[in-house]
Amino acid sequence: MPTYKTTDFKSVRMDVCRHCHGTGVDEQGYQCPVCDGKRLVKKTVEGVLTVESLPPE
């Protein structure tokens, strides 16, 4: 019988905007529409992590 553990997780972090590369402006020189010129975005990852033992050989 496999042994397993299941855990819900949520990770929140601040990261440099990938659209404007942290400059706050897009290619045309306008305010970045993704980060609104703030240069950073908030990334949230949620999910379920399951760890199972391997079957016997």
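The shown structure was predicted, so the numbers you read here are calculated from the model rather than taken from an experiment.

Q: Quick question: what am I supposed to make of the overall build of the protein here?
A: Across its full length, the protein carries zero helices and two strands. Computed over the C-alpha atoms, the radius of gyration of the protein is 20 Å, more than 25% above the 10 Å expected from 2.2 N^0.38 for a compact globule of 57 residues. Along the first, second and third principal axes, the C-alpha set of the protein runs to 60 × 20 × 10 Å. Residue burial in the protein is summarised as follows: out of 57 residues, 12% are buried. Taking the contacts inside the protein whose residues are at least 6 apart along the sequence as the reference set, 61% of them involve residues at least 24 apart. Summed over its atoms, the accessible surface of the protein is roughly 5200 Å², and 53% of this surface lies on carbon and sulfur atoms.

Q: What exactly am I supposed to notice about the nonpolar core here?
A: Most often, soluble globular proteins have nonpolar side chains that are buried together. Counting five residues, the largest nonpolar core is built from Cys17, Cys20, Cys32, Cys35 and Val41. Setting aside anything within four residues of it in sequence, one finds Cys20 in contact with Val25, Cys32 and Cys35.

Q: Got a minute to help me understand the environment of Arg39 in this structure?
A: Among the structural elements, Arg39 can be located in the loop between strand 1 (4-16) and strand 2 (40-52). Along the backbone, Arg39 and Cys17 are 22 residues apart, and their C-alpha atoms lie at a distance of 5.6 Å. The contact partners of Arg39, leaving out residues within four places of it in the chain, are Asp15, Val16, Cys17, Gly22, Thr23 and Gly24.

Q: Mind showing me how you'd approach the side chain of Asp26 here?
A: Within the secondary structure, Asp26 sits in the loop between strand 1 and strand 2. This buried residue, Asp26, is left without a salt bridge; Arg39 holds the nearest opposite charge, at 14 Å. Within the structure, the side chain of Asp26 is placed 3.2 Å from the backbone nitrogen of Gln28, a separation counted as a polar contact. In this structure Asp26 touches His19, Gln31, Cys32 and Pro33, once residues within four positions along its chain are discounted.

Q: Looking at this model, I keep getting lost on the pattern of salt bridges. Mind explaining?
A: Any two side chains of opposite charge can pair, given that their charged atoms come close. The tally for this structure, following the rule as stated, stands at two salt bridges. Arg13 serves as the salt-bridge partner of Asp15, at 3.5 Å between the closest nitrogen and oxygen. Exposure remark for Asp15: the relative accessible area of 23% places this residue in the partly exposed category. Between Lys43 and Asp15 there is a salt bridge; the shortest N-O distance is 3.0 Å. Of this pair, Lys43 sits in strand 2 while Asp15 sits in strand 1; the two residues are 28 residues apart in sequence, bridging distant segments of the chain. Where salt bridges share partners, they join Arg13, Asp15 and Lys43 into one cluster.

About the thresholds
- Residues numbered from 1 in each chain as written.
- Predicted model: local features only at pLDDT ≥ 70, side-chain atom pairs only at ≥ 80, totals over all residues.
- Heavy atoms only, no water.
- Helix = DSSP H or I, 4+ residues; strand = E, 2+ residues; numbered from the N terminus.
- Rg over C-alpha atoms; globule rule 2.2 N^0.38 Å.
- Buried < 20%, exposed > 50% of the residue type's maximum accessible area, 1.4 Å probe, protein only.
- Contact = heavy atoms within 4.5 Å.
- Areas by Shrake-Rupley, 256 points an atom, 1.4 Å probe, with all protein chains shown as cover.
- Core = buried A, V, L, I, M, F, W, Y, C linked by side-chain atoms within 4.5 Å.
- Lys, Arg positive; Asp, Glu negative; His and termini not counted.
- Salt bridge = Lys/Arg side-chain N within 4 Å of Asp/Glu carboxyl O.
- Polar contact = N/O pair within 3.5 Å; in protein donor to acceptor, adjacent residues only side chain to side chain.

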